[in-house]
Amino acid sequence: MTGPTTATNSGYNVTVEDIRKEEFPMLNGEIYLDHAGTTLYPKSLMDRFAQEMTSNLFGNPHSASASSQRSSLRIEDIRLRILQFFNADPNEFDLVFVANATAGIKLVTDAMRTQPGGFDYAYHQLSHTSLVGVREEARKSVCLDNDQVARSVEGDHFFGGVDDDAPVLFAYPAQSNMDGRRLPLTWADQIRRASIRRTYTLLDAAAFVSTSALDLGDSETAPDFTVLSFYKIFGFPDLGALIVRRQAQDVFASRRYFGGGTVDMVVCVKEQWHAPKSQFLHERLEDGTLPIHNIIALDAALDVHNQLFGFMRDVANHTLFLAQRLYDGLNELRHGNGEPVCVVYSSSPGDGNGPVIAFNIRNSLGAWISIAEVEKLATLKRFHIRTGGLCNPGGIASALGLEPWEMKQNFSSGFRCGTENDIMSGKPTGVIRGSLGAMSTISDVDSFVNFVSEFYRDELTSATPVPSLSPASKSPSLRVHAITVYPIKSCGGFQVPAGVDWEVRPEGLAWDREWCLVHRGSGQALSQKRIPQMALIRPSLDFERGQLRVAYVGSSLPPSLNREISVPLSKNPSLFQHSSLRSTSSRVCGEEIIAQTYVSPEINDFFSGVLGVPCVLARFPAGGQGKSMRHAKAHLQKHQIKQPPSPPPLPKEILLPGSFPTDLGVESPPSPPDSDSDSRDTMKRKILLSNESPMLAITLASVNALNKEITSRGGTAVSPAVFRANIILDSVSSSSSPSEDLKPYEEDNWSTLRIGPQGHEFTMLGSCRRCHMVCINQETAVKSEEPFVTLSKTRRFDGKVFFGTHMCYSGTGGSTASKGAQFPSVRVGDVVVAS
């Protein structure tokens, strides 16, 4: 890699390293690589904006008062200044302030759809979803690649019909938000000139202008409509713009809607008539009161950006240097067997690509690494990246080779934006994106490349068996070490006392995850992943009083709140809204459910107060139907499925310490998602509010093995509580001396467990996929890197991280009329037989 000493000769702005600490204190300990989403705002910008707001009186522009006129003058001055920023002559262009680039696209779309006879629409395949959506308003639409656009420039127009009076709108991005690929700005003029019909051009410049200068100096060749978002350039304010070439502004003449401030006269009593403003286009399009303060903030944003980073060409040189370093660094990574670690979809920045690098990761045998798992680990290591489809469906499909039938098949198999099942039929469904900005540094880039190398680069080691995955020669002597239920989802656990028989139900252990906290606004079930202090909410079950007693053990508590409340265990209808079982739509793990919400202000105010989040307590009891019922999603993972004897392994095999072995075979043809391993087990098992299965089990042997790895790397051992298991198993002899009967991770091979004197049988449903919620200390609610970082190195298979095993109750041996069969239960100390 190029060192910092030579970077100054290549466009790198070394002064950024000097201003980072003072201007961007929010970056302390963080590495931000999502500038394509939004760049960051400097402290001096926010200070200057606050000073301006407190030193001036700005009124609503639609008035003649002094404060109103002050606002009006400032807005028009800033409008002119922004046009000059893009070298756009105000005599040739007008600028309309909008919420963001998407709002500008919608404004153009509204005008086009009111054209007599409608309009036809052509868009490039690298378009953002907001451009793709325009097609739903058009008579006809077509998605084009580079070759098709080139043929259109040569006269092979995308739509025929020389006699068709309906206009055509052609839209494309100046730079792909997915991979940074840049498209010719000359297309706007070339398409207009080559068209046999009246054609308008729409340029999405949002990604491009974030780090590059857009020159609209020649109105004859400029796009008719250009949209952008200022927060992508300056970080603040949250505002966008639509720049309209005056030669194309007549398209808005047929716009029907009018809002406050856009008309000179309106008649509505007895007659329906209005006279729109006519001097400037922006006067007719900026409906209602403008975001005055956001526009005024632009003035400071322009000044501060120039003071800190210079001209946009300086920002472009700085970010392209860093992008090239990132591109080279990822491309140079190799596994021990010489295979590349990364598949990079972006072109080299030296060939004109923007400062955006899109890629995926493969292991040394060519298997894809889950992007969800990469993002989980990146989050723990304080990297800020973007993963998934990136709102660029055409770009993703092109880069990943996804055919329409495959994408529809994936959807039918349950894939949705944001789901963790991101590898389907052997193909990834999204990408990892790193993007650079004006305040990015060499250290940011190098740290991220080192992160990918540390966690995803496989070293070449001698092939050795993994004892934890080998079938045991005999069943170890096991016992139930601890039983825990979690009455309120994502809150603290209730440990079942020794000597107590605890009921086992089809949905799991009795009282486990029967309640949840639901956000008042979104209906989303709250989770420790976003609100770690939920671990400090400690429920306990008081059967003598018939209450769920809930205590908050955090250090700070609003003075108006008690530290403890009680919730009746009964399902009395009066406990719920309107004295009935009120059905409330909520979402748990992305799944829509119908829960019963409590009406008591005392109960709901307690949870809202201790968490600082507006929420209500909801109940999801067993016995529901439809959306009041959920089913398990757990299934055996590929590493747990017994395979027929395979040929002898190659002399060398690449293994992570403690990781799962991978079959060494040739690549097979893709199979449709509905034949994938996720669909192997079709039996529907009921669950309440647990994530995937009725119950979760772990072994102390596996926890101890993991802690040995953690401490060997200088970390601190973790408590078994972080895994939030229902049942913890240990060797019978472990209470007196360390046992060698139970091997670490031996649970991966179990198919059934028999627990207790009645021989209650439990079926193992597969390994538990882990997220960084395991990094939350369940006693203190403090989040750290472990154990997920070590799990990522020692327990990763198919790009996913596993620890523990899902299971469900499947019956009791002997007579169905026995007490054990009628009331299955488990207790601490029960003997366990694994097979």
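Predicted model only: the values in this text are computed from it and were never measured. (Residues numbered from 1 in each chain as written. Predicted model: local features only at pLDDT ≥ 70, side-chain atom pairs only at ≥ 80, totals over all residues. Heavy atoms only, no water.)

### Digging into the overall build of the protein chain
Counting its regular elements, the protein chain contains 21 helices and 40 strands. Residues counted as buried form 53% of the 835 residues belonging to the protein chain. Sequence-distant contacts, at least 24 apart, represent 72% of the contacts inside the protein chain between residues at least 6 apart. Of the roughly 36,200 Å² of accessible surface on the protein chain, 51% is carried by carbon and sulfur atoms. (Helix = DSSP H or I, 4+ residues; strand = E, 2+ residues; numbered from the N terminus. Buried < 20%, exposed > 50% of the residue type's maximum accessible area, 1.4 Å probe, protein only. Contact = heavy atoms within 4.5 Å. Areas by Shrake-Rupley, 256 points an atom, 1.4 Å probe, with all protein chains shown as cover.)

### Some remarks on the packing of aromatic side chains
Here the distance between the centres and the angle between the planes together describe a pair of aromatic rings. According to the stated counting rule, one finds 28 aromatic pairs in the structure shown. The ring of F411 carries the charged tip of R416 above its face, separated from the ring centre by 3.6 Å. (Phe/Tyr/Trp six-rings, centres within 6.5 Å; stacked < 30°, edge-to-face > 60°. Lys NZ or Arg CZ within 6 Å of the ring centre and 35° of its normal.)

### Overview of the nonpolar core
Residues F86, F97, F170, F230 and F309 are the most contacted members of the largest nonpolar core, which totals 60 residues. Considering each element in turn, this core owes the most residues, 9 residues, to helix α12 (residues 292-309). Residues in contact with F309, not counting those within four places in the same chain, are N13, V16, I19, F24, D314, V315, A438 and M439. Formed by 57 residues, the second largest nonpolar core is a distinct cluster that contains L478, Y552, L561 and V832. (Core = buried A, V, L, I, M, F, W, Y, C linked by side-chain atoms within 4.5 Å.)

### Regarding the side chain of K793
Counting through the fold element by element, K793 comes out in helix α20 (residues 788-794). Residue K793 is classed as buried on the basis of its relative accessible area, which comes to 14%. Among the polar contacts made by the side chain of K793, one reaches the side chain of E454 at a distance of 2.7 Å. (Polar contact = N/O pair within 3.5 Å; in protein donor to acceptor, adjacent residues only side chain to side chain.)

### Quick word on the pairing of strand β38 (residues 800-812)
Of all 13 residues in β38, 12 are buried; the element is thus mostly enclosed. Where strand β33 (residues 695-699) and β38 come together, 3 bridges link them in antiparallel fashion. Paired with M695 across the strands is M807, a residue of β38. Across 8 bridges, the pairing between strand β36 (residues 760-769) and β38 is antiparallel. Residue pairing in the sheet places E761 in a bridge with G811 of β38. (Pairing = 2+ DSSP bridges.)

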